[in-house]
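As a plain string of letters, each chain reads:
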Amino acid sequence: MSEDRHYLGGSTCSAAAGLSHYLSPYELWRRLTGSVPEPKEPSRYIYWGNVLEPVVRMHYSILHQCKVYVPAGFGTYVHPTYPWAKATPDGLVLDASDKATHGLEIKTADSMQAHRWGRAGSAKVPDEYRAQCTWYMWVTGHRRWDLAVLIGGNDYREYVLDYDEVFARKLTEACIRFWQDHVEAMVPPPRTAGHRPEPSTAEKAEQIASIRLAVNTLMTAQQKLEYEIGESISLESIEALGA
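What you are looking at is a predicted structure, and each value in this text was computed from that prediction instead of being measured.

Thresholds, definitions, all that
Residues numbered from 1 in each chain as written. Predicted model: local features only at pLDDT ≥ 70, side-chain atom pairs only at ≥ 80, totals over all residues. Heavy atoms only, no water. Helix = DSSP H or I, 4+ residues; strand = E, 2+ residues; numbered from the N terminus. Buried < 20%, exposed > 50% of the residue type's maximum accessible area, 1.4 Å probe, protein only. Contact = heavy atoms within 4.5 Å. Areas by Shrake-Rupley, 256 points an atom, 1.4 Å probe, with all protein chains shown as cover. Pairing = 2+ DSSP bridges. Core = buried A, V, L, I, M, F, W, Y, C linked by side-chain atoms within 4.5 Å. Salt bridge = Lys/Arg side-chain N within 4 Å of Asp/Glu carboxyl O. Patch = residues over 30% accessible without salt bridge, like charges linked within 9 Å, V, L, I, M, F, W, Y side chains within 5 Å.

Engineer: Honestly, the overall build of the protein in this entry has me stumped. Any pointers?
Structural biologist: Counting its regular elements, the protein contains 6 helices and 7 strands. Across the protein, helices and strands are ordered from the amino to the carboxyl terminus as α-α-α-β-β-β-β-β-α-β-β-α-α. Going through the 243 residues of the protein one by one, you find that 38% of them count as buried. Partitioning the contacts of the protein with sequence separation of at least 6, the portion at a separation of at least 24 is 66%. Carbon and sulfur atoms provide 56% of the accessible area of the protein, an area that totals close to 14400 Å².

Engineer: Explain the pairing of strand β4 (residues 91-94) to me, please; I cannot follow it from the model alone.
Structural biologist: Looking along a regular strand, one sees side chains alternate from face to face of the sheet. The two faces of β4 match: G91 and V93 on one face and L92 and L94 on the other face are all buried. Where strand β1 (residues 67-69) and β4 come together, 3 bridges link them in antiparallel fashion. From the neighbouring strand, V68 faces β4, where its bridge partner is V93. Across 4 bridges, the pairing between β4 and strand β5 (residues 100-109) is antiparallel. Its bridge partner lying in β5, L94 is registered against A100. Connecting the antiparallel pair β4 and β5 is a turn made up of 5 residues, with D98 showing a positive phi of about 65°.

Engineer: What's the story with the pairing of strand β7 (residues 155-162) in this structure? I'm lost.
Structural biologist: Bridging between strand β6 (residues 144-151) and β7 involves 8 bridges; their strand directions are antiparallel. Counted as the bridge partner of V149 is R157 from β7. The turn joining β6 and β7, which pair antiparallel and follow one another in sequence, is formed by 3 residues; a positive phi near 65° is taken by G152.

Engineer: Explain the nonpolar core here, please?
Structural biologist: Soluble globular proteins: nonpolar side chains tend toward being buried together. Formed by 39 residues in total, the largest nonpolar core has its most connected members in L8, L28, W117, W135, L147 and F178. Counting only elements with at least two residues in this core, the list comes to α1 (13-16), α2 (25-32), α4 (127-140), β6, β7 and α5 (165-184). Per-element tally for this core: the top contributor is α4, with 8 residues. With residues near it in sequence (within four places) discarded, L147 still touches E105, K107, W117, V125, Y129, C133, R157, E158, Y159 and L161. In this structure, V56, Y60, L104 and L150 belong to the second largest nonpolar core, which totals 9 residues.

Engineer: I would appreciate a short explanation of the pattern of salt bridges in the present structure.
Structural biologist: In a structure, side chains of opposite charge can pair up when their charged atoms sit close to one another. Applying the stated criterion across every chain yields a total of 6 salt bridges. The partner of E105 in a salt bridge is K107, and the shortest N-O contact between them spans 3.1 Å. Judged by its relative accessible area of 3%, E105 is buried. Looking at K107, the relative accessible area reads 14%, which means it is buried. The salt bridge partner of D155 is R157, with a shortest N-O separation of 2.7 Å.

Engineer: Even after reading the chapter, I still don't get a nonpolar patch on the surface, so can you show me in this structure?
Structural biologist: Residues M112, I211, V215 and M219 make up a contiguous nonpolar surface patch of about 320 Å² in total accessible area. Mapped onto the elements, V215 comes out in helix α6 (residues 201-242).

So, in structure tokens, the structure goes:
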């Protein structure tokens, strides 16, 4: 977790509100209160996400013919009422007069997670990333946040998220309660709090379809390679006979 232990940011607000697929409120509380050490090295997903972030940002900038300002350092923006609520955007999109019009969040995703993302331009994005963009809008005051994702290294998609007052209120109220009732009070939340429910049948079907597509793609590539290897071996055998 790249964000400071003393604050809630975009990558931790979803866990505080029980929306994260990867981290429960209890696990987050342990990290924020120092009960468990931070990982010494980032995971390979975080590492490659950091490496590819400038590439995705550049593509977005070229595609929209715009400038993207990149804030430096953690906690560039702080909520005026709650000093523990911070935001570190991946970028702010500037207009012709260099005024920031909206924010930009950049993600990279494994192809096996493609089922969690809708078609480009749709409203279907993972809950934790919707929460992150909403959190940044709440902290900075912007009312639009673009989300650009590179899936599997070659599938680029964009989503436009407008500020949803209802979702934002539920998210921020949950985070305020988490901070005041658990972090400041040093009282752990229930261990089971915030665990995601079992995926629905439709969600499981989407996952199966995504897995089958990935397997078929790999099998096709394997068959092509085996054919090419076989052709090469046959040619070498004919040349050896003629020698």
